[in-house]
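Observations on chain architecture
As a plain string of letters, each chain reads:
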Amino acid sequence: MRPFLIGACLLAALPVSAQEVRRPLLEAGAFLGGGLLPDYPASDRAEPRALALPWLIYRGEILQSDERGLRGRLFRSADFELTFNANGALGSRSGGGARDGMDDLDPMGEVGPSLRWVAWRDTARLTRLVLEAPVRAAFTTDFSRIRHRGFVFAPEVSLERTGLFRTEGSPDRARIGLGPVFATGRVMDDWYRVRPSEARPGRPAYEAEGGYLGMRLQFSYRVPVTDRISLTTGGRVENFAGAANDESPLSRSEWNATLVGGISVSLYRSTATVTSGAEPYD
C-alpha cells in the first residue's frame, strides 16, 4: 500500500551480481486480498477489510516503483542510496469505539528523502542487513483538498533474504524490519487530539504533542507461483509503551497487530527490458 514520486540524480556505478537477469522496464497489475487493520496507532479496534489495489513497477535508473514504494534516486553507490520516496496508510471510519462521534480519519500519505545503507551482505548476495533513515512530510486528504500534517521520522534496521524456503526457479523473498517512529504534533493531532466539542464522559479534551509514537516490527513474504502471479503476505506489530500521547483518551492499547495477505497478478509487461540484479528488493 504505497504511493508516488520524483528525483534528479547523480548515479554511481553499482556492481551487479553474476545472477542478473533481464526484466520488463514497466509492469502493472493488481493485488487482491484482505487484511486486519487497526483504526489508527494504539487503537483498541481493528477491522477486517477486503483489498483491491493496483500496483506499478518501473525499473528506471532514476525513477523506480516496486515493493519498496515509488521513489526517485538522488544518489546510489554499492552500499549507499539516497532516494526521494513515498509511503501511505488507509483512513478509517469513526463510528463506534473510542472515536465515536468524531470525524473520520482521512487517508494519510508521506513523502520525503531517505538514506539507506547496506551494512552487511553475504557472499552469495542473497541476504543483507540494511539501515534506513527516512524523513517524510505527512499529508491527509478527503479527496477534495490536501492538508499538511507535519513530519514523520522512522529509522529502521531490516534483514532481507532471497530464497528463504524456495530456491528453484523464481525464488521467494522475505523481509523483517524493526525501528522506532517519531512524529510532530500535527501528525499526532490527527490520531490523539480531542477537541472540547468532542469531549464526553470517559473522553476528556486532550491536546496532542509531538515525539515518540512507538516501536514497529514489520515483515513481508512473497513467493512467485508463475512468472505473473505471486502470493504475498505481510504485516506489522507495534508497541506504544512510553509514547508521547499515551495519556490521550484515544490511546487505548499498548499493542497493535496488522496482517495483510493475498494474490498479486501482473497484467501488463513492457517489451522494453532492463538488467536487474538478484539482490532482494532492488
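The structure reproduced in this document is the subject of the present report.

Thresholds, definitions, all that
- Residues numbered from 1 in each chain as written.
- Predicted model: local features only at pLDDT ≥ 70, side-chain atom pairs only at ≥ 80, totals over all residues.
- Heavy atoms only, no water.
- Phe/Tyr/Trp six-rings, centres within 6.5 Å; stacked < 30°, edge-to-face > 60°.
- Helix = DSSP H or I, 4+ residues; strand = E, 2+ residues; numbered from the N terminus.
- Buried < 20%, exposed > 50% of the residue type's maximum accessible area, 1.4 Å probe, protein only.
- Salt bridge = Lys/Arg side-chain N within 4 Å of Asp/Glu carboxyl O.
- Patch = residues over 30% accessible without salt bridge, like charges linked within 9 Å, V, L, I, M, F, W, Y side chains within 5 Å.
- Areas by Shrake-Rupley, 256 points an atom, 1.4 Å probe, with all protein chains shown as cover.

Some words on the packing of aromatic side chains
Counted by the stated rule, this structure contains 6 aromatic pairs. With centroids separated by 6.4 Å and ring planes inclined at 80°, the aromatic side chains of Tyr-40 and Tyr-192 adopt a geometry described as edge-to-face. With a gap of 152 residues between them, Tyr-40 in the loop between β3 (26-38) and β4 (46-59) and Tyr-192 in helix α1 (residues 185-192) connect regions that are remote in the sequence. When its relative accessible area of 6% is taken as the criterion, Tyr-40 is described as buried. Seen from their ring centres, Phe-182 and Tyr-212 are 5.7 Å apart, and the 55° between their planes marks the pair as tilted. A residue pair is termed long-range when its members are at least 10 positions apart, and Phe-182 in strand β12 (residues 173-183) and Tyr-212 in strand β13 (residues 211-224) qualify at 30 residues. Overall, the relative accessible area of 32% leaves Phe-182 in the partly exposed class. Judged by its relative accessible area of 22%, Tyr-212 is partly exposed. Among the aromatic residues, those joined into a ring-pair cluster are Tyr-40, Trp-191 and Tyr-192.

Quick look at the pattern of salt bridges
Applying the stated criterion across every chain, the model contains 21 salt bridges. Among the ionic pairs, Arg-76 bridges to Glu-81, the shortest N-O distance being 4.0 Å. Take Arg-76 and Glu-81: they sit in the same class, and that class is buried. Of the charged contacts, one joins Glu-238 and Arg-216 as a salt bridge, the two residues approaching to 3.2 Å between their closest N and O atoms. Separated by 22 residues along the polypeptide, Glu-238 in strand β14 (residues 229-239) and Arg-216 in strand β13 bring together distant segments of the chain. Residue classification places Glu-238 among the buried positions, given a relative accessible area of 6%. Residues joined by salt bridges that share partners form a network here, namely Arg-128, Glu-156, Glu-160 and Arg-175.

Section: a nonpolar patch on the surface
On the surface, Phe-75, Phe-80, Leu-82, Leu-115, Trp-117, Leu-131, Val-157, Leu-178 and Met-215 cluster together to form a nonpolar patch covering roughly 700 Å² of accessible area. For the nonpolar patch, the secondary structure elements donating two or more residues are β7 (80-89) and β8 (108-121). Assignment of secondary structure puts Leu-178 in strand β12.

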